[in-house]
Amino acid sequence: MAIILQLLFTGLGIGAVYALVALGFVLIYRATNVVNFAQGQFAMLGGYCMVITTVDLGLPYWLGIIISLVVMALFGAIFNLGVYYPLRHRSFLPVVISTIGASILITNLVLAIYGPEPTTLPGMTDYPGISFGAVFLDAQYLVIIATTLALVLLQYVFFEHTMIGKKMQAVSQDKEMASLLGINVTGMIMLTFTYSAVLGGIAGILVAPILFVSVGLGAQIALKAFAASIIGGFGDVPGAIVGGLLIGVAETLGAFYISVPYKDAFAFVLLFAFLLIRPQGIFGEKIAQKA
Amino acid sequence: MKSVTNILLWLIALVIAMGCALLLPINGYLMNLLMQASTYAIAVLGMTVVLGYTGQINIAQAAFFGIGAYAVAIGTTTLGLAFFAALLLGAVVALLFGIVLGGSTLKLGGHYLAMVTISFQEILTLVLTNWIGVSHGPDGISNIPRPHLGFLALDQSQHYLALCLFCLFVTAGLVAWLKSSRLGLSMQAVRDNELAAGVAGIDTYRIKIIAFAASACLGGIGGGLFAGAFRYISPDQFAFDDSVVLLTMALLGGVDAAIGAVIGTALLILLPEWLRFLKQFYLAVYGLAVILIMVFMPQGIFGYFARLVRRAPDLPRGEFAPLALGADTGAGLPILEVSDLSKHFGGLRAVDAVDLVIIGGSVHALIGPNGSGKTTTLNLLSGIYRPTSGNIRLGGRDVTGLAPHLLAAAGIGRTFQNIRLFHSLTSFENVLIGSFRAGSGLDAAARRERAMAALDFVGMAARAHDQVASLPYGHQRLVEIARALAANPSLLLLDEPAAGLNLTEKQNLVALLRRLRGHGLTILLIEHDMDLVEQVSDRISVLNFGRRIADGTPSEVLRHPDVVAAYLGEVAEDAAA
Amino acid sequence: MDKRAIGGAGGRVRGPRAGLKKRAWLGAIAALLIASPGIAPAWADDAAPIEIGMVTPLTGAAAESGRYAEWGAEMAVAEVNAAGGVLGRPLKLVIEDDQTTNPGVVSAFNRLANDSAIVAFLGSIRSTQVHAMDPDVRRIAKPVFFGGTDPNLTHAGDPWLFRCRPNDTYSAKVIASFGVQTLNLKKWALVTSTDAFGSSGARLLTAELQALGASVVTAQGYANQTPDFTPVVLAVKGSGAEVIGSYFTFEQDLAIFARQLRQLGVRSPWVGSPSITDTAALHLAGPALYGTYGVADFNADSSPEAKAYAEAYQKLHKAPADQFSAWTYDAIKIAALAMTTAKSTDPAAFRTAILAIRGYKGTEGTYDFDANGDGLHGYNVVQNKSGKLVFVKRVDFPAP
């Protein structure tokens, strides 16, 4: 029992990380119909911002978080201008390749400037965690799970109950219609990238104390996060969260009970299963309705 | 003429390339780059077929490449197969994986396909790493032998390079030839407009599987040659990152041309080498270069330059027979019998127990207010939707619920309210695709003639070589009708052909419809323009809220009180809006 | 076999403090200046330098350790030149980036090999890369010194490969003999990467343990770059093992595992492959590694030579010396020694002179080259005492 609880807890913790990154994927996808392959690098940059501000410059943790998120917001805007905006009228493939180029650029720029050594970032709290008998709840994972839940709630409120959130939704559903309604589509997309970069940054800041900060941070999470967003039904926010948690739990349980070396396969087997068991489903009718 | 010149040029280039490989002094460094580039390029050509021609994303090309490489490595070292037998084995295994993977997921498409291929890629890497008994695990396999082939001692690198180049040229030639072949045009039709491709008679699912399998097979061949080239392989050479590299190569060079694949591959292999002087910044600059190329050349490098050079026309010349139409129409007899046809979307009864009989050789109009179920009915008749219930008989044969391409084969042709052409192709190619209709029994030359005749029939022969995307709206409509005519349909469904046309164009359309009727073609027409309907129709059926509320000759129907009420109601609503 | 064996991960060994990087860069520049021939004119102006090619990861996963490797080689070149060079000519290092990939190393090596002035090469510390280079090494037919620890590399008939680190049979022998005979623990849990380095380590260690009469109660392979080790830790915990033996490739993985191991209350002794002694691992894992044992091919306290080297390195680069730099340092010194005794840079004579080296005291231990080209035959055992590596003993086996 203790073993299952322990596995469930860490599974949810790591799943919450996938979910956070998946959220960034989903938002950008909804706004632009493009998969942003640099989403993982957003997390990596967030982690580095924290290291630079709190470790290298010695600023307080809270200030480091604020500065990092502001930097990430700016970065999201620049990313939009440099990588997406010039290609906004193109089909999705050139944009995808452009984001792949951006991920190579970001990774290697960080490597060249900051060096390849991984470094540590202290956790949000000095408190290591809570023990219930044989089950240990890592404090950082608790923070991650709580933050993810809070962000999902916040996001729900933002999209459903604020004007700007509704405008962003309108843009993601139908750009032409939105612009006819007088919504500044370009501005909303800019905002989406900004917010996604901040989300990526938060994921990076949260996960850095566990996985350490290195240029590889993010890349290892991004693929699973991508799988999570697909399992959740691409473009579906609650789906991405559930998908992320599901993958986290599945691979942790799968690793223990089935095979550790094949741990990374569980996410993808799960994905296959979802695509095959729920065929057509959401998208089957979509094609036909265009006729 | 043109193809002969192309083949000659291709042969000359092949001879020069192989001569250089065999005779020039090539140092080890350059040799490695060339072998890597030539074997990668074969896999990238697979991407040209699946992504460029067919528009299906594949982020597992490195996995297929790896399957080929491992087949050669395991085949030659463990199983003791001859090199070429192992290479063949790799191609076949990759092909089979392509068929299975494509067959199970190609109905999904888009990002789902991307994810499935990524999953396959990841799982394959894990299997290669962990199935140590077969794959030798992460140690990889070394000392892979190279073959002997007649006078070529392929264990010499230069001879082996010549073999790789030969395979590359053959593959590139085939892929380039494929583009203008029937199969290749069908692929491009699927890419440009899957729905229209189905209605034009193309089995889109089958075409996608063929494209995916061909791509996987080329990946396997490239990988097999790669294993022989480097004589050592390990699982980390065929990982997700490498699939992304192969994808990037295809897009960078120009994804819908064989030559683009070669350019992209060469560039992405050479670029990091050229940039080495930048030391630790060079991969960052490489990433930047990828972005810049996409921003300034979104069609890829070859696509960018190809736009500057127009393709020379390659059309049937001289006299062609006038278009034959309505071959299997029994005039005066019912050709289409629809009974009790329904389509429900959840609780919405878009089409509700509709009966409809269309007499051969007549023009039958289907009218009704917006949202009355006209287009849904057409979608049921052309196989885009499956009916919830009811029965459709065409020429006495039950065709209920058949797929679009089977209905097209049975003799149903159609056009769309919002024109659906294959926008990157020319008018002629669009119409040629229409002539592919299964069972039309024409050889290639006759199909080309028929396509020209169909274009001529609608008055578009002079624009045969124009890209349809560049044509004015009215002309696009005509091309779409010509595409349907080229299939020699026994029943033509036209969905609001007059929508968006100016007065002159409408008059031309009326004339065209009359000529079609004069040739004995049966037409089912949806139209809002009542003048036009009155001018051309023999019979009219009226739908409202999914139900048929009237049926008869124009004079009967247009005076029918329910029809008047339905239309007045609509007029009132329009006024309110 | 892997370079990473050593340390790690992809190269991310990092100095103990974040602020260290800038100084490290300055150090590198200083080293370059010292290494440049203009400063120590112990030879005629027209004496062409003897070039030694070096492939090393400057980018990619192992870029960090690549830099250390470069520093070590540069220090040795500077010292050789300061002492008058070789055959009256200065040594010169020519470096190419291998991008930490197999195709990268093949391409980089061939690029160097085109320069006929290069007389010898420093290859990779990653075994898979050395495997990938092997066909070209045979073709070029000049000595290649390398640090990959896969035993097969020197047993596959390539006469031009010379290893300047002990191979994995010795790390497995030392881990097993220390755990079983010195610590007297018989029930083992193995935690190993599924990559080439980890899986060969697992194989060899299992064999050595069985030979010593110990048992493996659980063997856990994990894929590199795993964000969570809970399943592995729970398996180890539930297995009743008395001692853990490990082959980790990447320091992050090692540090995450170590931390979760301690969090979930596993306190058994742990004897790890060299990565457990990496600077980066010590830094990342912190207290989670206190008390663990590791085998290390380089340790500053293992010999006077190692001590002297570590002090000089520390002075120049403001960082502790490690095995990434030690083997390249030794390799340059051995190359210089062999060319001097051969009185020639001719590959055949050069090779014979290398194989004849006996009892050369390098920083990694005493080199006795055997017929296969293996120079070292033992390891140091060290213990992590509150973050400091304390030398426990040197275990050497006779050359075969």
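Predicted, not measured: the structure shown is a model, and the values here were computed from it. (Residues numbered from 1 in each chain as written. Chains lettered and ligands numbered in written order. Predicted model: local features only at pLDDT ≥ 70, side-chain atom pairs only at ≥ 80, totals over all residues.)

(A) Just the overall build of chain A, in detail. From N to C terminus, chain A includes twelve helices and two strands. Of the regular secondary structure in chain A, the N- to C-terminal order runs α-α-α-α-β-β-α-α-α-α-α-α-α-α. A compact globule built from 291 residues would reach a C-alpha radius of gyration of about 19 Å, and chain A, at 19 Å, matches this within 12%. Across its three principal axes, chain A shows a C-alpha extent of roughly 60 × 50 × 35 Å. Taking all 291 residues of chain A together, 57% fall into the buried category. In chain A, of all internal contacts separated by at least 6 residues, the share reaching a separation of at least 24 is 71%. (Helix = DSSP H or I, 4+ residues; strand = E, 2+ residues; numbered from the N terminus. Rg over C-alpha atoms; globule rule 2.2 N^0.38 Å. Buried ≥ 20, exposed ≤ 12 C-beta atoms within 10 Å, placed from the backbone. Contact = placed C-beta atoms within 7 Å.)

(B) Spotlight on the interface of chain A and chain B. Listed as interface residues are 37 residues of chain A and, on the opposing side, 35 residues of chain B. Mapped onto the side of chain A that touches chain B, the elements with two or more residues apiece are α4 (92-114), α9 (219-231), α11 (263-277) and α12 (281-289) of chain A. Ranked by residues supplied to the side of chain A that touches chain B, first place goes to α4 of chain A with 13 residues. Classifying every residue of the side of chain A that touches chain B by side-chain character gives 31 nonpolar, three polar and three charged. (Nonpolar A, V, L, I, M, F, W, Y, C, P; charged D, E, K, R; others polar.)

(C) Layout of the nonpolar core. If you look at the biggest cluster of nonpolar residues, it comprises 425 residues, and the most contacted ones within it are Val21 and Ala227 of chain A together with Ala482 of chain B. Take this core: its biggest share by element is 18 residues, from helix α1 (residues 2-32) of chain A. Look past the residues within four positions of alanine 227 of chain A in its chain and what remains in contact with it is Ile247, Ala267, Phe268 and Leu271 of chain A together with Met115 of chain B. (Core = buried A, V, L, I, M, F, W, Y, C linked by C-beta atoms within 7 Å.)

(D) Layout of the sheet that holds strand β14 (residues 388-396) of chain C. Residues and elements named next belong to chain C. The sheet built from seven strands is open, its strands ordered β7-β6-β8-β9-β10-β13-β14 with mixed pairing. Two strands in the sheet have a free side with no partner beyond their single neighbour: β7 (215-222) and β14. Direction aside, neighbouring strands of the sheet carry axes that sit 20° apart on average. Sheet topology note: the strand β13 (residues 378-385)/β14 ladder contains eight bridges and is antiparallel. By the bridge assignment, tyrosine 379 is partnered in β14 with valine 395. (Pairing = 2+ DSSP bridges. Axes fitted to C-alpha atoms, helices over the stretch in contact; angles between N-to-C directions.)

(E) Focus on the packing of helix α18 (residues 444-457) of chain B against helix α19 (residues 473-486) of chain B. Residues and elements named next belong to chain B. Where α18 contacts α19, the two axes come as close as 9 Å, and the packing angle between them is 135°. Considering their axes alone, α18 and α19 lie oblique with respect to each other. In this structure, α18 meets α19 at a crossing whose hand is right-handed. Contacts between α18 and α19 pair Arg450, Ala451, Ala454, Leu455 and Phe457 from the former with Ala482, Leu485 and Ala486 from the latter. Residues that form the contact of α18 with α19 fall into these classes: seven nonpolar, no polar and one charged. (Parallel < 35°, antiparallel > 145°, perpendicular 65-115°, else oblique. Left-handed = near helix turned anticlockwise from the far one by under 90°.)

(F) Spatial organisation of the interface of chain A and chain C. The interface is formed by 31 residues belonging to chain A together with 36 residues belonging to chain C. Those elements giving two or more residues to the side of chain A that touches chain C turn out to be α1, α2 (39-56), α4, β2 (135-138), α10 (237-257) and α11 of chain A. Here the element with the most residues in the side of chain A that touches chain C is α1 of chain A; it accounts for five residues. Considered class by class, the residues forming the side of chain A that touches chain C number 15 nonpolar, eleven polar and five charged.

(G) Molecular detail of helix α5 (residues 139-161) of chain A. Residue and element names in this part refer to chain A. Look at α5: 32 Å from first C-alpha to last across 23 residues, which is about the 33 Å you get at 1.5 Å a residue. Buried within α5 we find Gln140, Tyr141, Ile144, Ile145 and Thr148. On its buried side, α5 packs onto α1, β2 and α8 (185-211). (Expected span 1.5 Å × (residues − 1).)

(H) Spatial organisation of the environment of alanine 196 of chain C. Within the fold, alanine 196 of chain C resides in helix α7 (residues 196-211). C-alpha of alanine 196 of chain C to C-alpha of isoleucine 357 of chain C: the two residues are 161 residues apart in sequence and 30 Å apart in space.

(I) Looking closely at the domain arrangement of chain C. Residue and element names in this part refer to chain C. If you check the domain split of chain C, you get domain 1 (4-166 + 302-379) and domain 2 (169-299 + 381-396). Between domain 1 and domain 2, the contact holds 31 residues from the first and 30 residues from the second. Those elements giving two or more residues to the side of domain 1 that touches domain 2 turn out to be α1 (4-7), α5 (127-140), α12 (323-342) and β13. For the side of domain 1 that touches domain 2, the element with the most residues is α1, which contributes four residues. (Domains from an automatic or database assignment.)

(J) Structural detail: the sheet that holds strand β11 (residues 539-544) of chain B. Residues and elements named next belong to chain B. On the basis of which strands lie adjacent, the open sheet formed by six strands has the order β8-β9-β10-β5-β11-β12 and mixed pairing. Taken across any chain shown, the strands that pair with only one partner, and hence form the sheet edges, are β8 (412-414) and β12 (547-552). Averaged over all pairs of adjacent strands, the angle between strand axes in this sheet comes to 20°, irrespective of strand direction. Pairing geometry for strand β9 (residues 491-495) and strand β10 (residues 522-526), over five bridges, is parallel.

(K) Just unusual backbone geometry, in detail. All names here are of chain C. One non-glycine residue with positive phi stands out, namely leucine 87, at about 50°. Within the element layout of this structure, leucine 87 appears in the loop between α3 (63-82) and β2 (91-97). The class for leucine 87 is partly exposed, based on 15 C-beta atoms found within 10 Å. Residues other than glycine seldom take positive phi values, yet lysine 343 does so here, at roughly 55°.

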